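Each chain, written out:
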Amino acid sequence: MSGWDRNLDNIITDRSISLRLALAMINDSGLGMILLVDCDRRFERTVTDGDIRRLLLDGAEMGDSIRSLPHIDSITLPLGSTPRDAIDAMNEHDIDDIPLLDADSHVVGLLRRREISKPIALSTPHMEGAEMDYVEEAFRTNWIAPLGPNVDAFEQAVADVAGVAHAAAVSSGTAALHLALRLLDVGPGDRVFCSSFTFAASANPIVYQYAEPVFIDAEPQSWNMSPQALERAFKTAKAEGWLPKAVIVVNLYGQSADYDPILSICSAHEVPVIEDAAESLGATYKGQASGRFGLLSAFSFNGNKIITTSGGGMLVSDDEQLITRARYLSTQARQPAAHYEHTEIGYNYRMSNILAGVGLGQMTVLSERVEQRRAVFAAYAEGLAGLYGVHWMPEPEWSYSTRWLSTLTIDSTEAGISANDIIQSLASELIEARPVWKPMHRQPVFAGARYFEHGNFSVSDALFANGICLPSGSNMSTAEVDRIIATMRGLLGKR
Ligand SMILES: *Cc1c(COP(=O)(O)O)cnc(C)c1O
């Protein structure tokens, strides 16, 4: 664990200084103390203003040196101590700051409760700075809303990354999915196949269209839609004399689904695929960008996603007509007449020029963000290597995942602790971990919906029973990742 990298020179002194200077240093430190070292700069003790007060009461003068301070054994920790060690020592001795010493007793850092027990969130917005330039330009030109040059440029930037020809920026990923269903004429009485192992936003728009969701299980190698379960669902549908109007395939936690078999099944039945790429902007499948595989694909720029516009989404497609119609539907379906002629129901789903400016700034660092999230995952995998019962979300050889969230399952028999207990224990350390998505076929709101399992058991249920999402923000510090690893090692090492 790294210490605290403030300039230590300002809080380290030897015994030659006066009481007055010592008090001034304590005052400036903001710590209520300074660190006393000997002539070889080896740590001796901490000095608080209370220590100086006692010298004054014993008759010392402000100008005297602090030479007469008695020796005491202050609490210290050796280099390599974990945050858990530090918190335990702080609690035991009722202190908030502990010097970190190397083998020669030289001070190499200061462990501060405030720094090491800061809450760590699951995934928070990570601004780059360039966003403000685009937003300011929008202010300068008073091009605030609704559309404008930032929107056009943001659409182009996302289309380029996704390798598709056309894009329409909208108010959320959910709105993009809703538009996709509208564009495919999904309506009352229709059925839509949808990944069960996902966030509710994948499935809700099916119900907005008064259609019926039919849920498809995940497969173990990618945690995404099981081609086997999809095949079985089509077979059953066909036997019953119906076909789904569309298939919504989710790329979970930043990883693409296995599109070759999925697309070949769907095209055999001539059913269009909608790709829910909300979590996977920047990922690839067999070298091709996420967002290329659906007839229509949806991205999300919600605050917790890989990049964010605070809230927003994008519908992309190679089909220009579909995207033109998406733009029309998302701006209240206005016919080109001065009085606004309406022949069908539209939505107010477009993105503002301000938010698109935020998105443009974020797009400049997309690949960096993906690499940072992947680095967080790699650090976890390395830091927890060798522990029993830890099974990471696999990344098949055809996948380049954004690792939007670092997820794993816990085999509680091997690990000696359940996923739930781990999540609870992390929460008590102010580390926000969460269960994986609760499958949609288990959600009360979708009770009664049909569900097709991967094989003779439900993969998504097994993942839900044992899954954990660890904090995964691209803005996490090494110290934070180390703190989570150390905490996890403490929980898992007790077998
Ligand atoms: C976030 C998310 C959405 C919805 O995106 P919003 O922009 O929040 O509406 C849809 N599907 C999945 C899988 C998501 O994670």
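Now for a description of the structure that goes with this document.

About the thresholds
- Residues numbered from 1 in each chain as written.
- Predicted model: local features only at pLDDT ≥ 70, side-chain atom pairs only at ≥ 80, totals over all residues.
- Heavy atoms only, no water.
- Pairing = 2+ DSSP bridges.
- Helix = DSSP H or I, 4+ residues; strand = E, 2+ residues; numbered from the N terminus.
- Buried < 20%, exposed > 50% of the residue type's maximum accessible area, 1.4 Å probe, protein only.
- Phe/Tyr/Trp six-rings, centres within 6.5 Å; stacked < 30°, edge-to-face > 60°.
- Lys NZ or Arg CZ within 6 Å of the ring centre and 35° of its normal.
- Salt bridge = Lys/Arg side-chain N within 4 Å of Asp/Glu carboxyl O.
- Near = heavy atom within 4 Å.
- Polar contact = N/O pair within 3.5 Å; in protein donor to acceptor, adjacent residues only side chain to side chain.
- Areas by Shrake-Rupley, 256 points an atom, 1.4 Å probe, with all protein chains shown as cover.
- Nonpolar A, V, L, I, M, F, W, Y, C, P; charged D, E, K, R; others polar.
- Core = buried A, V, L, I, M, F, W, Y, C linked by side-chain atoms within 4.5 Å.
- Contact = heavy atoms within 4.5 Å.

### A word on the sheet that holds strand 12 (residues 284-285)
Thinking step 1. Read from one edge of the open sheet, three strands run 13-12-17, paired in antiparallel fashion. Two strands lie at the open edges of the sheet, namely strand 13 (288-289) and strand 17 (399-400), each paired on one side alone.
Thinking step 2. By the bridge criterion, two bridges tie strand 12 to strand 17 in an arrangement that is antiparallel. Counterpart to Thr284 in the pairing with strand 17 is Tyr400.

### Some details on the pairing of strand 9 (residues 212-216)
For a regular strand, the rule is simple: side chains alternate between the two faces of the sheet.
Thinking step 1. Burial analysis of strand 9 places four of its five residues in the buried class, the great majority of the element.
Thinking step 2. Direction of pairing for strand 8 (residues 191-195) relative to strand 9: parallel, over a ladder of five bridges. When the sheet's bridge partners are listed, Val192 is paired in strand 9 with Pro213.
Thinking step 3. Bridging between strand 9 and strand 19 (residues 450-452) involves three bridges; their strand directions are parallel. Across the sheet, Phe215 pairs through a bridge with Tyr451, a residue of strand 19.

### Quick notes on the packing of aromatic side chains
Thinking step 1. This model, assessed by the stated rule, comprises 16 aromatic pairs.
Thinking step 2. Geometrically, the ring pair formed by Tyr253 and Trp437 is stacked, given 6.3 Å between the ring centres and 5 degrees between the ring planes. With Tyr253 in the loop between strand 10 (246-250) and helix 10 (259-268) and Trp437 in the loop between helix 15 (419-428) and strand 19, this pair connects stretches of sequence that are 184 residues apart.
Thinking step 3. Here the aromatic residues Phe197, Phe199, Trp223, Tyr253, Trp404 and Trp437 are joined through ring pairs into a cluster of three or more.
Thinking step 4. Above the plane of the ring of Tyr340 lies Arg334, whose end atom (NZ or CZ) is 4.9 Å from the centre.
Thinking step 5. When the ring centre of Phe377 is taken as origin, the NZ or CZ atom of Arg403, which lies over that ring, is 3.5 Å away.

### Quick word on the pattern of salt bridges
Thinking step 1. Here the structure, examined in full by the defined rule, presents 22 salt bridges.
Thinking step 2. Close ionic contact of Arg112 with Asp97 constitutes a salt bridge, the shortest N to O distance being 2.8 Å. A residue pair is termed long-range when its members are at least 10 positions apart, and Arg112 in strand 6 (residues 107-112) and Asp97 in strand 5 (residues 97-101) qualify at 15 residues. Summarising the burial analysis for this pair, Arg112 and Asp97 share the class buried.
Thinking step 3. Ionic pairing is found between Glu212 and Arg191, a salt bridge with its closest N-O pair at 3.4 Å.

### Considering the site of the ligand
Thinking step 1. Around the ligand, 15 residues are found, and the nearest of them are Gly173, Thr174, Glu279, Ser300 and Lys305.
Thinking step 2. A distance of 2.7 Å separates an oxygen atom of the ligand from a polar backbone atom of Gly173.
Thinking step 3. In this structure, a nitrogen atom belonging to the ligand sits 2.7 Å away from a side-chain N or O atom of Asp276.
Thinking step 4. When the free accessible area of the ligand is taken as 380 Å², the share hidden by the protein chains comes to 93%.
Thinking step 5. Counted by class, the shell around the ligand contains four nonpolar, eight polar and three charged residues.

### Observations concerning the sheet that holds strand 5
Thinking step 1. Taken in spatial order, the three strands of this open sheet run 4-5-6, and their pairing is mixed. Looking along the sheet, the strands with just one partner apiece sit at the ends: strand 4 (77-78) and strand 6.

### Points about the nonpolar core
Nonpolar side chains in soluble globular proteins tend to end up buried together.
Thinking step 1. Phe154, Val158, Tyr253, Leu281, Phe299, Phe301 and Met314 are the most contacted members of the largest nonpolar core, which totals 37 residues.
Thinking step 2. Within the residue set of this core, elements represented by two or more residues are helix 6 (149-162), strand 7 (166-170), strand 15 (313-317), helix 12 (353-363), helix 13 (366-383) and helix 16 (459-466).
Thinking step 3. If you tally residues by element for this core, the top one is helix 6, at six residues.
Thinking step 4. Those residues in contact with Phe154, other than ones at most four positions away along the chain, are Phe301, Thr309, Met314, Met351, Ala356, Gly359, Leu360 and Met363.
Thinking step 5. Of all hydrophobic cores here, the second largest spans 34 residues; its members include Ala168, Leu315, Phe446 and Tyr451.

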